[in-house]
Each structure stands twice: as structure tokens, then as C-alpha cells.
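One letter stands for each residue in the lines below.
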Amino acid sequence: MEKCMCGRIRQAREPVDYIESMNWNPRNLGKLADGLKYNVPPGTRPLVMHQLGDGSDQIDRLFWGYKPEWYKRSPVINARLDTILKKSPMWRSLLGKRVLVPADGWFEWTGETGDKQPWFIHAKNSEPIYMAAITAWQPGKEDDVEHGFAIVTDASAGGMVDIHDRRPVVLMPDAAREWTSPGTSVESALELLSTARPETAFAWHPVTRQMSNVKYQEPNTNQTSAIQRPIDHRAKS
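Q: Just to check I follow, could you spell out the sheet that holds strand E7 (residues 117-123) for this structure?
A: The four strands lie next to each other as E1-E6-E7-E12, forming an open sheet whose pairing is antiparallel. Of all the strands in the sheet, just strand E1 (8-10) and strand E12 (202-206) have a single pairing partner and so form its edges. Across the sheet, the axes of successive neighbouring strands diverge by a mean angle of 30°, strand direction being ignored. For strand E6 (residues 105-110) and E7, the ladder comprises five bridges, and the chain directions are antiparallel.

See below:
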């Protein structure tokens, strides 16, 4: 799986906690099987909100990663906004299949290879965040990498650049609902990506280095004091 920013997320809340802020009304929450919560990597099936198929509110588990049959490289987990705006053939056909990835926050790493420090980035108000994503999902098709999703990313700004030079596009609830609506044109959806929540809406702190292991699934994302050296701006994951 290709490694780039927004390569881990946290989805530790119950599905109902993510849909409340969105006034989202899926018909069946009971269909959701258990999944990873505290340290969710690509190649798994996180919770995803969408209105694909019959146009109703849905929350499902979709495959994180996308690799069309013709693509010869590793699966892609992020879709760069600048690439999307250049009408890349990789993403052009997916812009009508827009979804949200709800989360508590995401993880990034700084430092030298072999001794990287993980950081947890989350909303300052501790509310859920909604990351814009696009997908190749099709009703009735297998939930695999050919029908997976990628999270849209843009350049970081402000202090967040010290953690990583890219970040997911996080939308406010009203914009997030408009992003998923089948009635929103591709042109209008692309304009919504310019309304992402600013870096000032987020806070970040270092967490245990155990988070680097995808098998580590403990709930603790409290700030750690185990910072041995300053951030190295030259060494970003």
C-alpha cells in the first residue's frame, strides 16, 4: 500500500456519534460489523458515509485504497487536490462518487526513519471530523481495492506544516453533506474543497511510539512527554 500523508485515522466512537452532527439518517446501523477503532490503517475497511446507490443516507465499511485494473503501481490511499483539479484520468471518473470518512482525528509522523515520533491531530473542540473522499464503489461489486476509496488531501499551512506538508480536506457538517449529495455537481463539489476547515481549527500532540505498529489498538491518545529531540523539518513521512 502506497505510503503518504493521512495514512492512519482514529474512529473510536460509535457510528451513531458520527451521524448526529450531520443529521444523517441511515436506515440500518446494525449491519455494520466490528472494525478497527484506535489505529485504522489503509487496506482495512473504515466507516464511510455516503449517498451512493439509491441516494439515501448510508454508513458502510468500504475498502481504504484504490487501484484500478490498469494501474501498475501500489494502491493509492490519498487523492491530491492539485492532481484532481488538473483533471487527472485517475480521479476524473470518480468525482461523481463522493463520500465522507468520519474520524476523531488522524496520525502523522516526524523524525528519522527507525525513530519516528507519531502525532495525533484532532479538532480543537474534540468533535468528529469529516474528511472528503472519492471512491470507485459500485452497488453489487466486491468491496476490494478496485472499488475502494481515497481521502482528498491538500497542502498544509501554519504550524501544521511542522508535522506534515499535506493534510486531509476536512469539511464542516453543512459542506460535508453537500459534498455527498447526488444533486451537487462536480464543479460545485470541487468548490467545496476550498472551504476546508483551517489549520487553526485543529490541535496536535505527540503520542506513544507504539502507535507506529498497526497492531497497536489501545485507546490511549493522550499527550506523551517522550519527545527526545526537536522536529526535523527535512524528515517527513
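Q: I would appreciate a short explanation of the packing of aromatic side chains in the present structure.
A: Working definition: an aromatic ring pair is given by the centre-to-centre distance plus the angle between the planes. Here the structure, examined in full by the defined rule, presents five aromatic pairs. A ring pair is formed by Trp-70 and Tyr-71, whose centres lie 5.8 Å apart and whose planes are at 90°; its orientation type is edge-to-face. Take Trp-70: its relative accessible area is 51%, and that puts it in the exposed class. Taking the ring centre of Trp-179 as reference, the NZ or CZ of Arg-98 above it sits at 5.7 Å. Between Arg-197 and the ring centre of Phe-202, over which it is positioned, the NZ or CZ distance is 5.6 Å.

Q: Any chance you could explain the nonpolar core here in plain terms?
A: In globular proteins that are soluble, nonpolar side chains generally tend to be buried together. Residues Met-49, Trp-91, Ile-134 and Trp-179 are the most contacted members of the largest nonpolar core, which totals 33 residues. Mapped onto this core, the elements with two or more residues apiece are helix H1 (15-20), strand E2 (47-50), helix H2 (81-85), helix H3 (89-92), strand E8 (129-135), strand E9 (149-155), helix H4 (173-180) and helix H5 (186-192). Once residues lying within four places of it in the same chain are set aside, the contact partners of Trp-179 are Arg-98, Val-99, Leu-100, Ala-132, Ala-133, Ile-134, Leu-171, Ala-189, Leu-192 and Leu-193.

Q: Teacher, can you tell me more about the environment of Gln-117 here?
A: One can find Gln-117 in strand E7. Among the residues examined, Gln-117 registers a relative accessible area of 5% and is labelled buried. Residues Gln-117 and Tyr-66, spaced 51 residues apart in sequence, show a C-alpha to C-alpha distance of 27 Å. Side chain to side chain, Gln-117 and Arg-209 meet in a polar contact 2.8 Å long.

Rules of the game
Residues numbered from 1 in each chain as written. Predicted model: local features only at pLDDT ≥ 70, side-chain atom pairs only at ≥ 80, totals over all residues. Heavy atoms only, no water. Pairing = 2+ DSSP bridges. Helix = DSSP H or I, 4+ residues; strand = E, 2+ residues; numbered from the N terminus. Axes fitted to C-alpha atoms, helices over the stretch in contact; angles between N-to-C directions. Phe/Tyr/Trp six-rings, centres within 6.5 Å; stacked < 30°, edge-to-face > 60°. Buried < 20%, exposed > 50% of the residue type's maximum accessible area, 1.4 Å probe, protein only. Lys NZ or Arg CZ within 6 Å of the ring centre and 35° of its normal. Core = buried A, V, L, I, M, F, W, Y, C linked by side-chain atoms within 4.5 Å. Contact = heavy atoms within 4.5 Å. Polar contact = N/O pair within 3.5 Å; in protein donor to acceptor, adjacent residues only side chain to side chain.

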